Amino acid sequence: MKTIRLTAAQAATRYIAAQMNEDGVSFIAGVWAIFGHGNVAALGEALYAVREKLPTFRGHNEQSMAHAAIAYSKQLGRRRAMAVTSSIGPGATNMVTAAAVAHVNRLPVLFLPGDVFANRAPDPVLQQIEVFGDGTVSVNDCFRPVSRYFDRITRPEQLLTALPRAFRVMSDPADCGPVTLALCQDVQAEAYDWPESFFEPKVWRMRRIQPDPVEVEQAARIIAAAKTPVIVAGGGVHYAHAYEAFQFFVEAHQIPVVETQAGKSSLPWDHPLNFGPVGVTGSSAANIRCAEADVIIGIGTRFQDFTTGSWSLFSKPGRQLISLNVNAYDAAKHGAVPVLSDACVGVEALWRALGDKRFEPPPASLKEEWFAAADAVTAAPKDTNALPTDMQVIGALQRAARENTVVMCAAGTMPGELHKLWKAGRPMSYHMEYGYSCMGYEIAGGIGIKMAEPDRDVVVMLGDGSYMMMNSELATAVMMGIKITVVITDNRGFGCINRLQMSTGQAEFNNLLDHARHVNPSRIDFVAHAASMGAHAEKAGSIAELEAALERARHADGPFVVVIDTDPYPSTEAGGHWWDVAVPEVSDREEVRKAREKYEAALMGRN
Ligand SMILES: Cc1ncc(C[n+]2csc(CCOP(=O)(O)OP(=O)(O)O)c2C)c(N)n1
Ligand SMILES: [Mg+2]
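None of these values were measured; they are calculated from a predicted model.

Colleague: How do you make sense of the site of ligand 1 when you look at a structure like this?
Modeller: Residues in contact with ligand 1 amount to 16 residues; listed here are only the nearest, T413, S437, G465, G493 and G495. Contacts to ligand 1 include S466, whose backbone N or O atom sits 2.9 Å from an oxygen atom. At a separation of 2.8 Å, an oxygen atom of ligand 1 approaches a polar backbone atom of C496. When atom positions are compared with the pocket grids, ligand 1 is found to occupy the largest pocket. Going through the elements one at a time, α18 (464-469) and α20 (495-503) are the ones with two or more residues in the shell around ligand 1. Here the shell around ligand 1 takes four residues from α18, the largest share from any one element.

Next comes the structure, spelled out in structure tokens:
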């Protein structure tokens, strides 16, 4: 056997650079790195050597670097991924939240945290936590519950099995998610005689899981007997790149479609069978259909809380649930009749089984009524003295958007409002991280999206709270010449949680900055802050000014930040559905007791 002598770190980077996807490009597009003593010496040296083939990017925070990696993969429908490396201690634990983001959203990322010395010679090495009763634990054990595959590399040759397993998981449609290979820092530097064949290029193809004919037959029989079916389109439609087959299927049988956050833009918003967003942040059109549906066909959805209105939305007695999913866990949820399958080949099989069965879709007036309500709240304001609403901001953005615009967001007021109101055209023109809804995903995520699809205009929407939580990758965008538009809606605090607090009968407390314990009122100058990192930044004093700024943003040569003050209180009243947020059973406040009564009544509606 021909061998080559390399360190474990050199072998890892060489192997990673040789792994391809089915499009003939490298599966791992690059490595985000912040070095420390746990990865600079050996992994740093190895990354430098392969920097032309496997580029290294430097960010400002390990968590946000990983957000960029996650958004990159999401935007590409999991066809490619990125790696993220850190040192052994705080850098590693900074990535744990991001690993959870990737885990919930079923997105591939390769985490390469350094780990403590396998030989334990410096015991305890700098930043090592010490668990008194267990010599095998390091902080990297925090990655276990948020990794689809976890391994600690305590000998170089373990990489011979660990690395192929990592790529198997990242390219498996059902298992897909973050992988953590914790690299003991002494082991990274150790040499080993590797078989040369280990570094030959290898193609990882995401298989299309074919459905079981019996499951198709069973599901088709239930669908064929339906009167008022509805399809819930989830992220699986995107991940399977199933657009054509999906549209063909719904048109052939005339089944109305409603979209989850992850599934939005499966069909263009103005397709006659797209009844819009479903659930807590849904449209009236979609939710009315779901309430009367006798058969609910989930396609590539996890049936998350917001989709199902905490399982009170699909309320027709005797209704049946079908779940077409690549993952057996999702396909069997809530007593669903499973169709374990890739979304694309799954709908093709259902189409063959259903023959020429056609249903009567709901009247177009349902959609028209919804859009009349939605258009009213997004229209340019008549009263230009009042503080704009977030919905009016969305309207301005919609008017300024082009076909290739991608609007993205993760937490705050905007995800709900965008889900309801954004008119998404092309597939993946709407990129929402609402699996973990992680504040701080936004700016770094915008970078990842732009790296994935450089030709698209990327508009990052975020509140003042999310900006304050994580903004430093704006400097990375400046440095890397990444042109994204960032719209900060400054309502001076955590607006959406303040409204949620009020809706549970509580006093406004600790959400808006004015309601937080303070000596000095907060005076954050977002424009100056963004500008200090080198971004172009400006304030829009009105919706009209915002529209003009968004127009100018198109011609910017780097990140362009627009800040607009918005009213923290309004949200779109039309549409929407109940969501289970437990209200205290006992309280001194009359308002809370009243909210509890309403809550208990709502609980009765759960199905
Ligand atoms: C990391 C993280 N911490 C806390 C939360 C809970 N949370 C969701 S939205 C929100 C407030 C967001 O404030 P802001 O970004 O200003 O948006 P707004 O609702 O004011 O528009 C909070 C605290 C979260 N989703 N993520
Ligand atoms: Mg806010």
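There is more to say, and it comes next.
Colleague: Explain the state of the cysteines to me, please; I cannot follow it from the model alone.
Modeller: Each disulfide consists of one covalent bond between the sulfur atoms belonging to two cysteines. All chains considered together, the criterion is met by zero disulfides. Considering cysteine sulfurs only, C409 is the nearest to C438, which forms no disulfide, with 12 Å between them.

Colleague: Just checking my understanding: could you explain the coordination of the magnesium ion (ligand 2) for this structure?
Modeller: Under ideal tetrahedral coordination, the four donors around a metal are separated by 109.5 degrees; under ideal octahedral coordination, the six donors are separated by 90 or 180 degrees. The protein atoms that coordinate the magnesium ion (ligand 2) are D464 (OD), N491 (OD1) and G493 (O), at distances spanning 2.0 Å. Mapping the donors of the magnesium ion (ligand 2) onto the primary sequence gives the spacing D-x26-N-x1-G. Both residues of the pair, N491 and G493, count as buried.

Colleague: I'm lost on the packing of helix α1 (residues 8-18) against helix α2 (residues 42-49) in this one. Help?
Modeller: Each pair of packed helices can be summarised by the angle the axes make with each other and by the distance between the axes. Packing of α1 against α2 brings their axes to within 8 Å, and their N-to-C directions diverge by 40 degrees. Comparing the axis directions of α1 and α2 gives the class oblique. The two elements α1 and α2 meet at a crossing, and its hand is right-handed. Together, A9, Q10 and T13 of α1 and A42, L43, E45, A46 and L47 of α2 make up the contact between the two elements. Along the lines of polarity and charge, the residues of the contact of α1 with α2 split into five nonpolar, two polar and one charged.

Thresholds applied
Residues numbered from 1 in each chain as written. Chains lettered and ligands numbered in written order. Predicted model: local features only at pLDDT ≥ 70, side-chain atom pairs only at ≥ 80, totals over all residues. Heavy atoms only, no water. Near = heavy atom within 4 Å. Polar contact = N/O pair within 3.5 Å; in protein donor to acceptor, adjacent residues only side chain to side chain. 1 Å grid on protein atoms, 1.4 Å probe; cavity = no way out; pocket = protein on both sides within 12 Å on 5 of 7 lines; lining within 4 Å. Sits in = over half its atoms within 2 Å of the grid points. Helix = DSSP H or I, 4+ residues; strand = E, 2+ residues; numbered from the N terminus. Disulfide = S-S within 2.5 Å. Donors = N, O, S within 2.8 Å, 3.2 Å for Na, K, Ca; no water. Buried < 20%, exposed > 50% of the residue type's maximum accessible area, 1.4 Å probe, protein only. Axes fitted to C-alpha atoms, helices over the stretch in contact; angles between N-to-C directions. Parallel < 35°, antiparallel > 145°, perpendicular 65-115°, else oblique. Left-handed = near helix turned anticlockwise from the far one by under 90°. Contact = heavy atoms within 4.5 Å. Nonpolar A, V, L, I, M, F, W, Y, C, P; charged D, E, K, R; others polar.

Keep in mind that these numbers describe shape and distance, not what the molecule does.
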